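# A look at the structure
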Amino acid sequence: MKTPWTLAHLIESGLIPYVWLDYDADYPELFGDANGGYPAPIFFEGDTQRLVAGSEDVLITTTKDVYRIVAQLKPPGFRRALHELRFLKKDLERLVKKLKRDAEPKPVEEAKESQAGINKDQVLMAFASLVKIDLAKSLAGAGGIFGDEGARVKSSAAKSKNKAVWNPVTLALGLNDVYRVPLPHLKRAFSTHDFLQEWAAEWNQTLILLGK
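Here's what I pulled together on the structure shown here. Just so you know, these numbers come straight off a predicted model, no measurement behind them.

Right, let's get into the pattern of salt bridges. Scanning the model with the defined rule gives six salt bridges in all. In this structure, Asp57 and Arg50 form a salt bridge, with 2.7 Å as the shortest nitrogen-oxygen distance. Note that Asp194 is salt-bridged to Arg101, the shortest N-O span being 3.4 Å. Of the two residues, Asp194 sits in the loop between helix 9 (183–192) and helix 10 (200–210) while Arg101 sits in helix 4 (residues 89–103), which places them 93 residues apart along the sequence. Assessed through its relative accessible area of 54%, Asp194 is described here as exposed. Taken together, the shared-partner salt bridges connect Arg50, Asp57 and Arg79 into one network.

See below:
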């Protein structure tokens, strides 16, 4: 018998819940030209953790406006009923694909390759939007967590900087510790980027060992 997915399970798997907001004259800047309303995402850690903990309703303190710009709501924020929560079809389909992919046996050779790392473009794709620094410049500088004493795989840049790769688990932990990137954001990166899928198990196990 299959166990049904709970709201907490969906959110912890990286899915972002949405609530339809009808136009509110007190928030004209939130709606822009969408005078009929729009689906607002619930992604702020405090709001999502409240849902994961089993709250009886939805509290939205931070969301994005109709133009996808982050907007902090005036206290106490918006409250909605739990049954108003929705998930995007494309996000659900991506989760299903991930689950099917995780269930497939992995070739031995692929497992060996996974011990290398991810390249610069992949690092930027997964983590650049999560930090306020110029991540491309930091990778090139190879200092601190971005160098051989941090997340960069030693000797990977010996012949050419273009060949450098970084261990995404070590890098993500460094981004959390040094640059205070929230763990939920990093967890979402591992669950949404295909090239990080093979690292997801190691990432989750590392968080368990660290008690996070």
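Moving on, we come to the layout of surface pockets. Here the largest pocket is characterised by a volume of approximately 1000 Å³. In terms of lining residues, the largest pocket is bounded by 27 residues, among which Ile16, Tyr18, Phe43, Lys64 and Arg188 are the most central. Ranked by the residues each element gives to the lining of the largest pocket, the list is headed by helix 9, at four residues. Its residues assigned to classes, the lining of the largest pocket comprises 15 nonpolar, five polar and seven charged.

Right, let's talk about the nonpolar core for a bit. With 28 residues, the main nonpolar core has Phe127, Leu171, Leu175, Leu196 and Trp203 as its most contacted residues. Of all the secondary structure elements, the ones that give two or more residues to this core are helix 6 (120–127), helix 7 (135–141), helix 8 (168–179), helix 9 and helix 10. The element that contributes the greatest number of residues to this core is helix 8, accounting for five residues. Setting aside residues no more than four positions away along its own chain, Leu175 makes contact with Phe127, Val131, Ile145, Phe146, Arg180, Val181 and Leu186. Among the nonpolar cores identified, the runner-up in size contains 19 residues, and Ala8, Leu21, Ala40 and Leu85 belong to it.

Parameters and conventions
Residues numbered from 1 in each chain as written. Predicted model: local features only at pLDDT ≥ 70, side-chain atom pairs only at ≥ 80, totals over all residues. Heavy atoms only, no water. Salt bridge = Lys/Arg side-chain N within 4 Å of Asp/Glu carboxyl O. Helix = DSSP H or I, 4+ residues; strand = E, 2+ residues; numbered from the N terminus. Buried < 20%, exposed > 50% of the residue type's maximum accessible area, 1.4 Å probe, protein only. 1 Å grid on protein atoms, 1.4 Å probe; cavity = no way out; pocket = protein on both sides within 12 Å on 5 of 7 lines; lining within 4 Å. Points joined across faces, edges and corners; volume = space filled by probe spheres on them. Nonpolar A, V, L, I, M, F, W, Y, C, P; charged D, E, K, R; others polar. Core = buried A, V, L, I, M, F, W, Y, C linked by side-chain atoms within 4.5 Å. Contact = heavy atoms within 4.5 Å.

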